[in-house]
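Tertiary structure, described
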Amino acid sequence: MNSLICYCTGALSNRILPLASCIEFSKATGRKLFLYWPTDRICGGCFSEFFDDDIPIVDEDFLRSLEPDHTEYHARFVASVTNDMNLYGRSFLHDTLNDGRVTLNDEPSPTSEFKNIVYSTNTFLGRIPPSLNKEAVRGLMIKKEIKDKACGIAAALGLDRSVIGAHLRGTDFNRPFSFYEDQIRPFVASNKNVRIFISSDDSVLEDHIAETFAPNIIRRNFKRYVRKNNEDSAWGNNTFIDSESIRDALVDILLLSKTNFKIYNTDSSFATYVQIMNEQGATE
(Lines give C-alpha, C1' and ligand atoms only; values in the text may rest on other atoms or scores of the structure.)
Protein backbone atom coordinates (compact mmCIF):
# COMPACT_ATOMS: atom_id res chain seq x y z
CA MET A 1 0.00 0.00 0.00
CA ASN A 2 1.19 3.53 -0.77
CA SER A 3 1.95 5.72 2.24
CA LEU A 4 1.61 9.29 3.45
CA ILE A 5 3.92 10.43 6.22
CA CYS A 6 2.70 13.51 8.10
CA TYR A 7 5.89 15.22 9.24
CA CYS A 8 4.94 17.32 12.27
CA THR A 9 6.96 20.20 13.67
CA GLY A 10 6.20 23.13 15.95
CA ALA A 11 3.97 23.23 19.00
CA LEU A 12 0.72 21.35 19.56
CA SER A 13 -1.77 23.18 17.34
CA ASN A 14 0.77 23.50 14.52
CA ARG A 15 0.85 19.70 14.53
CA ILE A 16 -2.85 19.04 14.92
CA LEU A 17 -3.98 21.09 11.91
CA PRO A 18 -1.76 19.33 9.32
CA LEU A 19 -2.43 15.95 10.93
CA ALA A 20 -6.17 16.48 10.50
CA SER A 21 -5.68 17.29 6.81
CA CYS A 22 -3.38 14.32 6.31
CA ILE A 23 -6.02 12.04 7.83
CA GLU A 24 -8.49 13.22 5.20
CA PHE A 25 -5.89 13.13 2.41
CA SER A 26 -5.01 9.54 3.26
CA LYS A 27 -8.69 8.56 3.22
CA ALA A 28 -9.26 10.22 -0.15
CA THR A 29 -6.20 8.66 -1.78
CA GLY A 30 -6.17 5.23 -0.14
CA ARG A 31 -2.74 5.82 1.36
CA LYS A 32 -1.67 4.41 4.73
CA LEU A 33 -1.04 7.27 7.13
CA PHE A 34 2.09 7.44 9.28
CA LEU A 35 2.95 10.16 11.77
CA TYR A 36 6.36 11.64 12.52
CA TRP A 37 5.91 13.46 15.86
CA PRO A 38 9.30 14.30 17.39
CA THR A 39 9.52 15.44 20.99
CA ASP A 40 11.52 18.60 21.63
CA ARG A 41 11.49 21.69 23.81
CA ILE A 42 8.30 23.12 22.25
CA CYS A 43 6.43 19.84 22.15
CA GLY A 44 7.69 17.73 25.01
CA GLY A 45 5.23 14.87 24.79
CA CYS A 46 4.43 11.97 22.46
CA PHE A 47 1.19 11.91 20.48
CA SER A 48 -0.06 8.94 22.51
CA GLU A 49 0.19 10.99 25.73
CA PHE A 50 -2.64 13.23 24.54
CA PHE A 51 -4.69 11.26 22.00
CA ASP A 52 -6.01 7.70 21.65
CA ASP A 53 -6.04 7.59 17.83
CA ASP A 54 -4.33 4.51 16.39
CA ILE A 55 -1.87 6.14 13.98
CA PRO A 56 1.50 4.41 13.42
CA ILE A 57 4.36 6.57 14.69
CA VAL A 58 7.65 6.61 12.79
CA ASP A 59 11.12 7.94 13.58
CA GLU A 60 13.94 9.45 11.55
CA ASP A 61 15.42 6.03 10.82
CA PHE A 62 12.14 5.12 9.13
CA LEU A 63 12.20 8.31 7.06
CA ARG A 64 15.77 7.68 5.94
CA SER A 65 14.90 4.09 5.02
CA LEU A 66 12.40 5.25 2.37
CA GLU A 67 13.72 4.73 -1.15
CA PRO A 68 14.36 8.20 -2.61
CA ASP A 69 13.38 7.11 -6.13
CA HIS A 70 9.97 6.06 -4.84
CA THR A 71 9.37 8.94 -2.45
CA GLU A 72 8.39 12.56 -2.94
CA TYR A 73 9.04 15.19 -0.30
CA HIS A 74 7.05 18.37 0.24
CA ALA A 75 7.50 21.25 2.70
CA ARG A 76 4.94 24.02 2.71
CA PHE A 77 7.35 26.58 4.17
CA VAL A 78 11.13 26.79 3.96
CA ALA A 79 11.09 27.91 7.62
CA SER A 80 9.88 24.42 8.52
CA VAL A 81 13.12 23.08 7.12
CA THR A 82 15.49 25.69 8.53
CA ASN A 83 13.89 25.74 11.99
CA ASP A 84 13.93 21.96 12.13
CA MET A 85 17.68 22.06 11.68
CA ASN A 86 18.73 25.28 13.38
CA LEU A 87 16.44 25.20 16.42
CA TYR A 88 15.91 21.51 17.07
CA GLY A 89 18.89 19.78 15.47
CA ARG A 90 16.86 17.53 13.15
CA SER A 91 18.64 17.11 9.84
CA PHE A 92 16.33 14.93 7.73
CA LEU A 93 14.40 17.70 5.94
CA HIS A 94 17.52 19.85 5.68
CA ASP A 95 19.53 17.02 4.11
CA THR A 96 16.71 16.15 1.74
CA LEU A 97 16.36 19.78 0.67
CA ASN A 98 20.10 20.04 0.06
CA ASP A 99 19.86 16.96 -2.15
CA GLY A 100 17.28 18.79 -4.27
CA ARG A 101 14.49 16.39 -3.42
CA VAL A 102 12.12 18.66 -1.44
CA THR A 103 9.40 20.58 -3.25
CA LEU A 104 8.78 23.85 -1.40
CA ASN A 105 5.60 25.94 -1.24
CA ASP A 106 3.47 23.16 -2.66
CA GLU A 107 1.23 20.32 -1.55
CA PRO A 108 1.22 16.69 -2.65
CA SER A 109 -1.15 15.79 -5.45
CA PRO A 110 -3.94 13.25 -4.87
CA THR A 111 -2.92 11.64 -8.18
CA SER A 112 0.76 11.24 -7.24
CA GLU A 113 2.16 7.92 -8.40
CA PHE A 114 4.97 7.87 -5.86
CA LYS A 115 4.85 5.02 -3.38
CA ASN A 116 5.60 7.34 -0.46
CA ILE A 117 4.81 10.98 0.24
CA VAL A 118 6.47 12.89 3.08
CA TYR A 119 4.73 16.18 3.82
CA SER A 120 5.68 18.91 6.29
CA THR A 121 3.52 21.92 7.06
CA ASN A 122 2.09 23.67 10.13
CA THR A 123 -1.40 24.30 8.81
CA PHE A 124 -4.22 22.73 6.82
CA LEU A 125 -3.82 21.38 3.30
CA GLY A 126 -5.56 23.63 0.80
CA ARG A 127 -6.65 20.59 -1.19
CA ILE A 128 -8.88 19.40 1.65
CA PRO A 129 -12.25 21.19 2.01
CA PRO A 130 -12.42 23.29 5.20
CA SER A 131 -15.41 21.33 6.48
CA LEU A 132 -13.44 18.07 6.30
CA ASN A 133 -10.41 19.65 7.96
CA LYS A 134 -12.57 20.78 10.86
CA GLU A 135 -14.33 17.44 11.08
CA ALA A 136 -10.99 15.66 11.30
CA VAL A 137 -9.77 18.00 14.07
CA ARG A 138 -12.91 17.35 16.09
CA GLY A 139 -12.60 13.62 15.38
CA LEU A 140 -9.23 13.29 17.08
CA MET A 141 -9.69 11.33 20.31
CA ILE A 142 -8.38 13.45 23.16
CA LYS A 143 -7.55 11.31 26.18
CA LYS A 144 -10.51 10.66 28.49
CA GLU A 145 -8.68 11.92 31.57
CA ILE A 146 -8.00 15.24 29.82
CA LYS A 147 -11.64 15.60 28.78
CA ASP A 148 -12.84 14.63 32.25
CA LYS A 149 -10.55 17.22 33.84
CA ALA A 150 -11.90 19.91 31.52
CA CYS A 151 -15.51 18.95 32.25
CA GLY A 152 -14.90 19.12 35.99
CA ILE A 153 -13.26 22.54 35.79
CA ALA A 154 -15.97 23.87 33.47
CA ALA A 155 -18.67 22.80 35.91
CA ALA A 156 -16.83 24.30 38.87
CA LEU A 157 -16.30 27.63 37.08
CA GLY A 158 -19.77 27.73 35.55
CA LEU A 159 -18.55 27.98 31.98
CA ASP A 160 -21.18 28.12 29.26
CA ARG A 161 -22.15 30.26 26.26
CA SER A 162 -23.01 33.21 28.51
CA VAL A 163 -19.29 33.51 29.38
CA ILE A 164 -16.94 35.34 27.02
CA GLY A 165 -13.87 33.25 26.20
CA ALA A 166 -10.46 34.91 25.86
CA HIS A 167 -7.20 33.32 24.83
CA LEU A 168 -4.32 35.64 25.67
CA ARG A 169 -1.48 34.44 23.48
CA GLY A 170 1.74 35.73 24.96
CA THR A 171 5.26 34.26 24.91
CA ASP A 172 6.61 34.22 21.35
CA PHE A 173 3.92 36.48 19.84
CA ASN A 174 5.36 39.64 21.42
CA ARG A 175 2.06 41.52 21.61
CA PRO A 176 1.70 44.29 24.21
CA PHE A 177 -0.76 43.61 27.01
CA SER A 178 -2.90 46.44 25.63
CA PHE A 179 -3.66 44.24 22.60
CA TYR A 180 -5.94 42.17 24.82
CA GLU A 181 -7.05 45.00 27.11
CA ASP A 182 -8.45 46.80 24.07
CA GLN A 183 -10.46 43.71 23.08
CA ILE A 184 -11.85 43.19 26.58
CA ARG A 185 -12.88 46.78 27.41
CA PRO A 186 -15.87 46.96 25.02
CA PHE A 187 -17.41 43.86 26.60
CA VAL A 188 -17.00 45.31 30.10
CA ALA A 189 -18.28 48.74 29.01
CA SER A 190 -21.45 47.27 27.50
CA ASN A 191 -22.16 44.93 30.42
CA LYS A 192 -20.61 45.62 33.83
CA ASN A 193 -21.61 42.10 34.96
CA VAL A 194 -20.07 40.27 32.00
CA ARG A 195 -18.05 37.17 32.89
CA ILE A 196 -14.85 36.57 30.94
CA PHE A 197 -12.90 33.32 31.15
CA ILE A 198 -9.22 33.94 30.40
CA SER A 199 -6.52 31.49 29.42
CA SER A 200 -2.92 32.30 28.57
CA ASP A 201 0.36 30.53 27.96
CA ASP A 202 2.09 33.39 29.83
CA SER A 203 1.45 33.63 33.58
CA VAL A 204 2.53 37.29 33.74
CA LEU A 205 0.05 38.29 31.01
CA GLU A 206 -2.76 36.27 32.60
CA ASP A 207 -2.09 37.82 36.01
CA HIS A 208 -2.11 41.33 34.51
CA ILE A 209 -5.43 40.88 32.73
CA ALA A 210 -6.98 39.26 35.82
CA GLU A 211 -5.94 42.22 37.97
CA THR A 212 -6.97 44.86 35.42
CA PHE A 213 -10.50 43.47 34.98
CA ALA A 214 -10.77 41.71 38.33
CA PRO A 215 -14.56 41.80 38.93
CA ASN A 216 -15.29 40.24 35.54
CA ILE A 217 -12.57 37.63 35.22
CA ILE A 218 -12.82 33.86 35.62
CA ARG A 219 -9.63 31.80 35.55
CA ARG A 220 -8.49 28.40 36.69
CA ASN A 221 -5.77 27.56 39.20
CA PHE A 222 -2.95 25.03 39.34
CA LYS A 223 -1.99 25.25 35.68
CA ARG A 224 1.37 24.66 33.99
CA TYR A 225 2.37 27.65 31.87
CA VAL A 226 4.89 27.88 29.05
CA ARG A 227 8.41 28.64 30.27
CA LYS A 228 11.46 30.17 28.66
CA ASN A 229 14.10 27.75 27.49
CA ASN A 230 16.72 30.35 28.39
CA GLU A 231 15.59 32.67 31.18
CA ASP A 232 18.15 35.31 30.19
CA SER A 233 16.77 35.72 26.64
CA ALA A 234 13.60 37.17 25.11
CA TRP A 235 10.67 34.94 24.18
CA GLY A 236 11.41 34.66 20.43
CA ASN A 237 12.23 31.03 19.56
CA ASN A 238 12.82 30.52 23.27
CA THR A 239 9.85 28.55 24.56
CA PHE A 240 9.95 25.37 26.62
CA ILE A 241 6.69 23.39 26.58
CA ASP A 242 6.73 20.10 28.46
CA SER A 243 4.17 17.31 28.41
CA GLU A 244 2.20 18.66 31.37
CA SER A 245 1.96 22.09 29.73
CA ILE A 246 0.52 20.48 26.60
CA ARG A 247 -2.05 18.56 28.62
CA ASP A 248 -3.07 21.83 30.29
CA ALA A 249 -3.25 23.50 26.88
CA LEU A 250 -5.69 20.83 25.72
CA VAL A 251 -7.74 21.36 28.87
CA ASP A 252 -7.85 25.09 28.09
CA ILE A 253 -8.89 24.39 24.49
CA LEU A 254 -11.82 22.33 25.77
CA LEU A 255 -12.73 24.96 28.37
CA LEU A 256 -12.65 27.82 25.87
CA SER A 257 -14.75 25.75 23.45
CA LYS A 258 -17.58 25.82 26.00
CA THR A 259 -17.63 29.63 26.08
CA ASN A 260 -18.61 32.38 23.67
CA PHE A 261 -15.06 32.56 22.29
CA LYS A 262 -14.46 36.16 21.20
CA ILE A 263 -11.04 37.41 22.29
CA TYR A 264 -7.85 36.04 20.73
CA ASN A 265 -5.00 36.65 18.33
CA THR A 266 -6.13 35.74 14.81
CA ASP A 267 -2.61 34.55 13.93
CA SER A 268 -2.67 31.87 16.62
CA SER A 269 -3.15 28.25 15.55
CA PHE A 270 -4.21 27.58 19.17
CA ALA A 271 -7.12 29.98 18.61
CA THR A 272 -7.97 28.18 15.36
CA TYR A 273 -8.11 24.89 17.27
CA VAL A 274 -10.44 26.46 19.86
CA GLN A 275 -12.70 27.93 17.17
CA ILE A 276 -13.10 24.54 15.52
CA MET A 277 -13.97 22.85 18.82
CA ASN A 278 -16.18 25.82 19.68
CA GLU A 279 -18.26 25.26 16.54
CA GLN A 280 -18.88 21.69 17.66
CA GLY A 281 -19.98 22.88 21.09
CA ALA A 282 -22.47 25.28 19.53
CA THR A 283 -24.33 22.35 17.98
CA GLU A 284 -24.41 20.13 21.07
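Here, the structure is the one placed above.
About the thresholds
Residues numbered from 1 in each chain as written. Predicted model: local features only at pLDDT ≥ 70, side-chain atom pairs only at ≥ 80, totals over all residues. Heavy atoms only, no water. Helix = DSSP H or I, 4+ residues; strand = E, 2+ residues; numbered from the N terminus. Pairing = 2+ DSSP bridges. Contact = heavy atoms within 4.5 Å. Axes fitted to C-alpha atoms, helices over the stretch in contact; angles between N-to-C directions. Buried < 20%, exposed > 50% of the residue type's maximum accessible area, 1.4 Å probe, protein only. Arc of directions from axis to C-beta. Polar contact = N/O pair within 3.5 Å; in protein donor to acceptor, adjacent residues only side chain to side chain. Parallel < 35°, antiparallel > 145°, perpendicular 65-115°, else oblique. Left-handed = near helix turned anticlockwise from the far one by under 90°. Nonpolar A, V, L, I, M, F, W, Y, C, P; charged D, E, K, R; others polar. 1 Å grid on protein atoms, 1.4 Å probe; cavity = no way out; pocket = protein on both sides within 12 Å on 5 of 7 lines; lining within 4 Å. Points joined across faces, edges and corners; volume = space filled by probe spheres on them.

Topic: unusual backbone geometry
One non-glycine residue with positive phi stands out, namely asparagine 174, at about 55 degrees. By the element assignment, asparagine 174 lies in the loop between strand E7 (164–168) and helix H7 (178–190).

A few points about the sheet that holds strand E4 (residues 71–75)
The strands making up a sheet are joined through hydrogen bonds of the backbone, oriented either antiparallel or parallel. Across the sheet, which stays open at both edges, the 6 strands sit in the order E3-E2-E1-E6-E4-E5 with parallel pairing between neighbours. The open sheet terminates on both sides in strands that have one partner only, identified here as strand E3 (57–58) and strand E5 (102–104). On top of the sheet, helix H1 (residues 12–29) reaches strand E1 (3–7), strand E2 (32–36) and strand E6 (116–120); it is set at about 175 degrees to E1, its chief contact.

Some details on helix H8 (residues 203–212)
Burial in H8 covers these residues: Leu205, Glu206, Ile209 and Ala210. Viewed end-on, H8 has its buried residues packed into an arc of 130 degrees, placing them on one side of the element. What points out from H8, more than 90 degrees from its buried face, is the exposed set Val204 and Glu211. Of the surrounding secondary structure, the elements contacted by the buried residues of H8 are E7, H7, strand E8 (196–200) and strand E9 (217–218). The N-cap of H8, judged by a side-chain oxygen 3.0 Å from the amide nitrogen of valine 204 a few residues on, is aspartate 202.

Digging into the packing of helix H6 (residues 144–157) against helix H9 (residues 243–257)
Relative to each other, H6 and H9 sit at 50 degrees, their axes nearing to 9 Å. As judged from the angle between their axes, H6 and H9 are oblique. For the element pair H6 and H9, the recorded crossing hand is right-handed. Here Glu145, Ile146, Lys147, Lys149, Ala150, Ile153 and Ala154 of H6 lie close against H9, whose contacting residues are Arg247, Asp248, Leu250, Val251, Leu254 and Leu255. Its residues placed into classes, the contact of H6 with H9 shows 8 nonpolar, no polar and 5 charged.

With respect to the sheet that holds E8
Taken in spatial order, the 4 strands line up as E9-E8-E7-E12 in an open sheet, and their pairing is parallel. If you trace the sheet from one side to the other, it starts and ends with E9 and strand E12 (260–263), each paired once. By the bridge criterion, 2 bridges tie E8 to E9 in an arrangement that is parallel. Within E9, the position partnered with isoleucine 196 by the bridge is isoleucine 217.

Looking at the pairing of E6
Burial analysis of E6 places 5 of its 5 residues in the buried class, which makes it a mostly covered element. Side chains Asn116, Val118 and Ser120 project from E6 onto one buried face, and the interleaved Ile117 and Tyr119 project onto a second face that is buried too. In this sheet, E6 lies alongside E4 in parallel orientation, the contact comprising 5 bridges. Pairing of tyrosine 73 across the sheet is with valine 118, part of E6.

Focus: the layout of surface pockets
Gaps left between atoms show up when a probe the size of a water molecule is rolled over them. Computed from the structure, the largest pocket encloses a volume of approximately 930 Å³. In this structure, the largest pocket is lined by 45 residues; those nearest its centre are Gly10, Ala11, Asn14, Arg169 and Asp172. Elements with a contribution of two residues or more to the lining of the largest pocket: H1, helix H3 (78–86), E8, H9 and helix H10 (269–283). Per-class residue counts for the lining of the largest pocket are 15 nonpolar, 20 polar and 10 charged.

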